[in-house]
Protein chains: 4
Amino acid sequence: MVRKLLKEKKREEIVKVASRLFSERGFYNTTIPDIAEAVGMSVGNFYNYFESKEDLAKYIMQYSSSILGEEIRKISQMDVSTKEKVFLIVRRFIEIAQERPELIDYFLRIFLSNREVFSEGCEGFLCVGEVVTELMLFLEEGARKGDFRQQDFFPAFVTIMGPLGGLVFLKGEGILPKNPIEYANEIGENIWRALKSDEKV
Amino acid sequence: MVRKLLKEKKREEIVKVASRLFSERGFYNTTIPDIAEAVGMSVGNFYNYFESKEDLAKYIMQYSSSILGEEIRKISQMDVSTKEKVFLIVRRFIEIAQERPELIDYFLRIFLSNREVFSEGCEGFLCVGEVVTELMLFLEEGARKGDFRQQDFFPAFVTIMGPLGGLVFLKGEGILPKNPIEYANEIGENIWRALKSDEKV
Amino acid sequence: MVRKLLKEKKREEIVKVASRLFSERGFYNTTIPDIAEAVGMSVGNFYNYFESKEDLAKYIMQYSSSILGEEIRKISQMDVSTKEKVFLIVRRFIEIAQERPELIDYFLRIFLSNREVFSEGCEGFLCVGEVVTELMLFLEEGARKGDFRQQDFFPAFVTIMGPLGGLVFLKGEGILPKNPIEYANEIGENIWRALKSDEKV
Amino acid sequence: MVRKLLKEKKREEIVKVASRLFSERGFYNTTIPDIAEAVGMSVGNFYNYFESKEDLAKYIMQYSSSILGEEIRKISQMDVSTKEKVFLIVRRFIEIAQERPELIDYFLRIFLSNREVFSEGCEGFLCVGEVVTELMLFLEEGARKGDFRQQDFFPAFVTIMGPLGGLVFLKGEGILPKNPIEYANEIGENIWRALKSDEKV
DNA sequence: TATGAATGAGTTTTCATTCAT
DNA sequence: GATGAATGAAAACTCATTCAT
């Protein structure tokens, strides 16, 4: 019992350290010894927790996705207007990118660009399922209420996630002149205008 | 003279093959022998054309960016409405992603995710300078004409490039149910609505 | 007392499982965790019963040899003709190879081919002493009685054990078209003819 | 042209060194760096000649088998009596075991005992095909001439190869009191008596 | 006795780059 | 310019053994 829990704790620790290293240096420039050292464990012991480097990468992806998905769901279920929710999602996404940059950066850097790592058992959307699911529900509800124009899921999806990902990317590049959160309102406004139905303000 | 030209031709050939391989397999999963073989030259000879693998990667990045920038500039200078231009840019971007997928995929996969490769001499925006410059000019002109709302460059930039990058990503994942070009209008509409000033239709 | 016995029981259990695994997968492809798991004990506990992997290997060798030696002795002491004994030994050897394949396979695969494992304390014939001793006695008695031609021990030894080992090897390769026991008579006949003195039939 | 030949020469060199090391130390106790160093080349370069350690092992097996098969064929085609041929094969086998011990030892130690290495593409008899084929032809011809008793191939095969393998094994164990060749006649006699038809002397 | 997490040296294999030809 | 064999550092992963509990 206790052992199981301890093992789970250790896994989380590895995940935290590794997602940071991966998003800082890239997947292929982070070695298992790097991770082990940063966690303070031996290389061999690492393999008691994850079967392989790929296994770890997939686990992190799903872990990140479930956290992000959870955040979106929380907002989605609030008792506020759809417009308000759009702004909240944008703001929350940017906050997380600052509080736990590895979560989002990992997605951008590792998942987006090292797809070969995720083949088999965690391809494409499977890996980020929770984020997608929650956004889909949010978009559908907004459309049902008449707040969003009727449109295909995919254009709407990229209209939300694209600008957010882009902003985080620019943040990572270190070229944003202001604190990212200061762009939250403008981006929220853009996304809302992009999706809202014509009657809405 | 002639030699210079021949050398340039060979470089282009390498660039074409390499950008395809890089975007198919990822930067770290494409070896110099792979590239040399695909081009039909020897490994040693490759190094007569590019100093290193990184050197090649940077060159490709700038090459792609100059082509994309050129396409944006062409549209930007057309004698059509700003709204029309937004739709044209979206459409052209998606077309290029289909005609020469390596150009866009390379950007998404290699640049976005393997930033460590591009440090020194080609950091961040430097590498994609032309696309950024052209979009900046386009946005400024649109705002000056009163077609776009006044806003910071960066939110506007990600509002255009984010959805486009996102769509290409989804295309790469093979999960789009329709041909990407069929989403062009919806995405163009979203972007236009996101950016246009209130008087515009 | 009781403790000693329990310990011996557990050792036998380990020996049984390990000899099977070793002969199935080879010495170097069988890990201590593999053995421990198959026995249903922990890795650490394994080391309460055997000092090392090599220690275990040597123990198994001697264990197998003592069982085989015992079988030969039984036959050797029967009240039947020398010719009959040759046929019985052949038959018994093949039977054991079928009933307890690990015993013989272990000898063929592990001892024959991983001699380096057995250096120090169990070299060569020391390890298989009992089989050798019993065969030596059997051959001497046969010669004394005038049933076998007079000859050096070693040629005679390999003339008996060689074909038997060869047959088991072929069985392990899965290429024998018939059940091994069906070759017993032919092989017995060959061995008997090879060794018998000229007066015998 | 020349390059191809040089490459083949180097492969042979590797094969010679590696088969010696393998048969001295065992397959799993010989590392690629060991082999590379003994050949006088770098580790990386080794992989320009063989795809993997297994690949090398299989190659050596077939190489050895073709040499042994060739020797058997030479004797098989001589214009001497079948009895004489049996004695010549025994003698030649023992000679080779002394002149080029790695050839035979390799078979005994590596092939016999590390079968897992040879799975896929070189299983069992496939790998030693030439020896088997030549012996089969020899046995058939002898039976046709009426020199050998009629019997199944497999018992006859192990009756020849078993004692020979056994002798080499004992030689490797360092326990033979005499030079192996001195046992040639006795073993030849045993094998001949084992197989010959009753009319023969 | 029993457990299994922890260790770390050791293994195979890869690959950017060089350089003699 | 062109070739491809050669280099060697570095990577992922393994596993016998130990030891705190």
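Look up: the structure comes first, before these words.
Residues numbered from 1 in each chain as written. Chains lettered and ligands numbered in written order. Predicted model: local features only at pLDDT ≥ 70, side-chain atom pairs only at ≥ 80, totals over all residues. Heavy atoms only, no water.

Enquirer: Looking at this model, I keep getting lost on the interface of chain A and chain B. Mind explaining?
Expert: Accessible area lost upon the coming together of the parts is a frequently used measure of interface size. Contact residues are listed per partner, giving 46 residues for chain A and 45 residues for chain B. Summing both sides of the interface, chain A and chain B together bury roughly 4,000 Å²; the carbon and sulfur share of this comes to 58%. Summed over the shared surface of chain A and chain B, the number is four salt bridges. For K178 of chain B, the salt bridge goes to D152 of chain A, with nearest N and O atoms at 3.4 Å. At the junction of chain A with chain B, the criterion picks out 14 residue pairs in polar contact (both at pLDDT 80 or more). For the side of chain A that touches chain B, the elements supplying multiple residues, two or more each, are helix 6 (101-111), helix 7 (115-118), helix 8 (124-127), helix 10 (153-173) and helix 11 (184-195) of chain A. If you tally residues by element for the side of chain A that touches chain B, the top one is helix 10 of chain A, at 14 residues. (Contact = heavy atoms within 4.5 Å. Buried area = accessible area lost by both parts, 1.4 Å probe. Salt bridge = Lys/Arg side-chain N within 4 Å of Asp/Glu carboxyl O. Polar contact = N/O pair within 3.5 Å; in protein donor to acceptor, adjacent residues only side chain to side chain. Helix = DSSP H or I, 4+ residues; strand = E, 2+ residues; numbered from the N terminus.)

Enquirer: So what exactly am I meant to see when it comes to the interface of chain C and chain D here?
Expert: Across the boundary between the two partners, chain C contributes 46 residues, which contact 46 residues of chain D. Roughly 4,000 Å² is buried in total at the junction of chain C and chain D, and carbon and sulfur atoms are behind 58% of that figure. At the boundary of chain C and chain D, one finds 14 residue pairs in polar contact (both at pLDDT 80 or more). Among the elements of the structure, helix 6 (101-113), helix 7 (115-118), helix 8 (124-127), helix 10 (153-173) and helix 11 (184-195) of chain C are those that each provide at least two residues to the side of chain C that touches chain D. Of the residues contributing to the side of chain C that touches chain D, the split by class is 21 nonpolar, 11 polar and 14 charged. (Nonpolar A, V, L, I, M, F, W, Y, C, P; charged D, E, K, R; others polar.)

Enquirer: It is not clear to me how the protein's contact with DNA strand F should be interpreted in this structure. Could you clarify?
Expert: The full set close to DNA strand F counts 35 residues, and G44 and N45 of chain B together with R3, N45 and Y49 of chain D are the nearest of them. Taking all atoms of DNA strand F within 4 Å of the protein, the share assigned to sugar and phosphate is 65%. One of the side-chain N or O atoms of K53 of chain A is found 2.7 Å from a phosphate oxygen in DNA strand F. Where the surface near DNA strand F is concerned, the elements lending two or more residues are helix 2 (32-39) and helix 3 (43-46) of chain A, helix 3 (43-46) of chain B, helix 2 (32-39) and helix 3 (43-46) of chain C together with helix 1 (2-25) and helix 3 (43-46) of chain D. When the residues that make up the surface near DNA strand F are grouped by side-chain class, the tally is 13 nonpolar, 16 polar and six charged. (Near = heavy atom within 4 Å.)

Enquirer: I tried to follow the environment of D34 of chain A on my own but got confused; where do I start?
Expert: Residues and elements named next belong to chain A. With respect to the secondary-structure elements, D34 resides in helix 2. For the pair D34 and L21, spaced 13 residues apart in sequence, the C-alpha to C-alpha distance is 8.4 Å. One polar contact links D34 to R25, side chain to side chain, over a distance of 3.1 Å.

Enquirer: Explanation requested: the protein's contact with DNA strand E in the structure shown.
Expert: As a matter of local geometry, DNA strand E sits amid 36 residues, with R3, N45 and Y49 of chain A, N45 of chain C together with K53 of chain D nearest to it. Backbone sugar and phosphate groups make up 66% of those atoms of DNA strand E lying within 4 Å of the protein. Here Y47 of chain D contributes a side-chain N or O atom positioned 2.8 Å from a phosphate oxygen of DNA strand E. Of the residues assigned to the surface near DNA strand E, the class counts are 13 nonpolar, 16 polar and seven charged.

Enquirer: It is not clear to me how the environment of L108 of chain C should be interpreted in this structure. Could you clarify?
Expert: Residue and element names in this part refer to chain C. Assignment of secondary structure puts L108 in helix 6. Residue classification places L108 among the buried positions, given a relative accessible area of 6%. C-alpha separation for the pair L108 and T133, spaced 25 residues apart in sequence, amounts to 19 Å. (Buried < 20%, exposed > 50% of the residue type's maximum accessible area, 1.4 Å probe, protein only.)

Enquirer: Looking at this structure, how should I read the relation of the copies chain A and chain B?
Expert: Relating one copy of the chain to the other takes a rotation about an axis and a shift parallel to that axis. You can overlay chain A on chain B at an RMSD of 0.2 Å; the transform is a turn of 179° with a shift of 0.1 Å along its axis. Here the two chains are linked by the operation of a two-fold rotation axis. The residues that chain A uses at the interface reappear at the interface of chain B in 98% of cases, marking a shared surface. (Least-squares fit on C-alpha atoms with pLDDT ≥ 70 in both.)

Enquirer: Would you explain the relation of the copies chain C and chain D in this entry?
Expert: Rotating chain C by 179° about the axis while translating it 0.1 Å along that axis superimposes it on chain D, leaving an RMSD of 0.2 Å. The residues that chain C uses at the interface reappear at the interface of chain D in 100% of cases, marking a shared surface.

Enquirer: What exactly am I supposed to notice about helix 8 (residues 129-144) of chain D here?
Expert: Each α-helix turn comprises 3.6 residues. Residues three or four places apart therefore point the same way. Residue and element names in this part refer to chain D. Helix length check: helix 8 (16 residues) gives 22 Å between terminal C-alpha atoms against 22 Å at 1.5 Å per residue, within 8%. Along helix 8, the positions that sit buried rather than exposed are V131, V132, E134, L135, F138, L139, G142 and A143. Projected down its long axis, helix 8 carries its buried residues within an arc of 165°, all on one side. Within two residues after helix 8, G146 carries a phi angle of roughly 85°, on the positive side. (Expected span 1.5 Å × (residues − 1). Arc of directions from axis to C-beta.)

Enquirer: Help me understand the packing of helix 4 (residues 53-76) of chain D against helix 5 (residues 82-99) of chain D in this model?
Expert: For any two helices packed against each other, one specifies the inter-axial angle together with the distance between the axes. Residues and elements named next belong to chain D. Interhelical geometry of helix 4 versus helix 5 gives an angle of 150° and a closest axis separation of 10 Å. The angle between helix 4 and helix 5 falls in the class roughly antiparallel. As for the relative orientation of helix 4 and helix 5, their crossing is right-handed in sense. Across the interface between the two elements, L68, E71, I72, I75 and S76 of helix 4 pack against K85, L88, I89, R92 and I96 of helix 5. Across the contact of helix 4 with helix 5, the residue classes tally to six nonpolar, one polar and three charged. (Axes fitted to C-alpha atoms, helices over the stretch in contact; angles between N-to-C directions. Parallel < 35°, antiparallel > 145°, perpendicular 65-115°, else oblique. Left-handed = near helix turned anticlockwise from the far one by under 90°.)

Enquirer: Where do I start with the packing of aromatic side chains in this structure?
Expert: Any pair of aromatic rings gets described here by the distance separating the centres and the angle formed by the planes. Residue and element names in this part refer to chain A. Tallying each qualifying case throughout the model produces 47 aromatic pairs over all chains. An angle of 40° between the planes, with centres 5.3 Å apart, marks the rings of F153 and F157 as tilted. Note that F153 and F157 are positioned in helix 10 at a spacing of four residues, about one turn of the helix. According to the relative accessible area criterion, F153 is buried, its value standing at 17%. (Phe/Tyr/Trp six-rings, centres within 6.5 Å; stacked < 30°, edge-to-face > 60°.)

Enquirer: Where do I start with helix 2 of chain A in this structure?
Expert: Residues and elements named next belong to chain A. Listed in full, the buried residues belonging to helix 2 are I32, I35, A36 and V39. Seen from one end, helix 2 has its buried residues packed into an arc of 95°, which puts them on one side. For helix 2, the capping residue at the N-terminal end is T31, with a side-chain oxygen 3.0 Å from the backbone nitrogen of D34. Phi for G40, located one or two positions after helix 2, is positive at around 90°.

Enquirer: Honestly, the pattern of salt bridges in this entry has me stumped. Any pointers?
Expert: For side chains of opposite charge, pairing can occur when their charged atoms come near one another. Throughout the structure, instances matching the rule amount to 64 salt bridges over all chains. For E70 of chain B, the salt bridge identified is with R73 of chain B, shortest N-O distance 2.4 Å. Residue E70 of chain B and its partner R73 of chain B are both found in helix 4 (residues 53-76); the two are separated by three residues, about one turn of the helix. A relative accessible area of 32% places E70 of chain B in the partly exposed class. R73 of chain B gets classed as partly exposed once you look at its relative accessible area, which sits at 26%. Connected via shared salt-bridge partners are E71, K74, R92, E95 and E99 of chain A.

The quantities given are spatial measurements derived from coordinates; they are silent on function.
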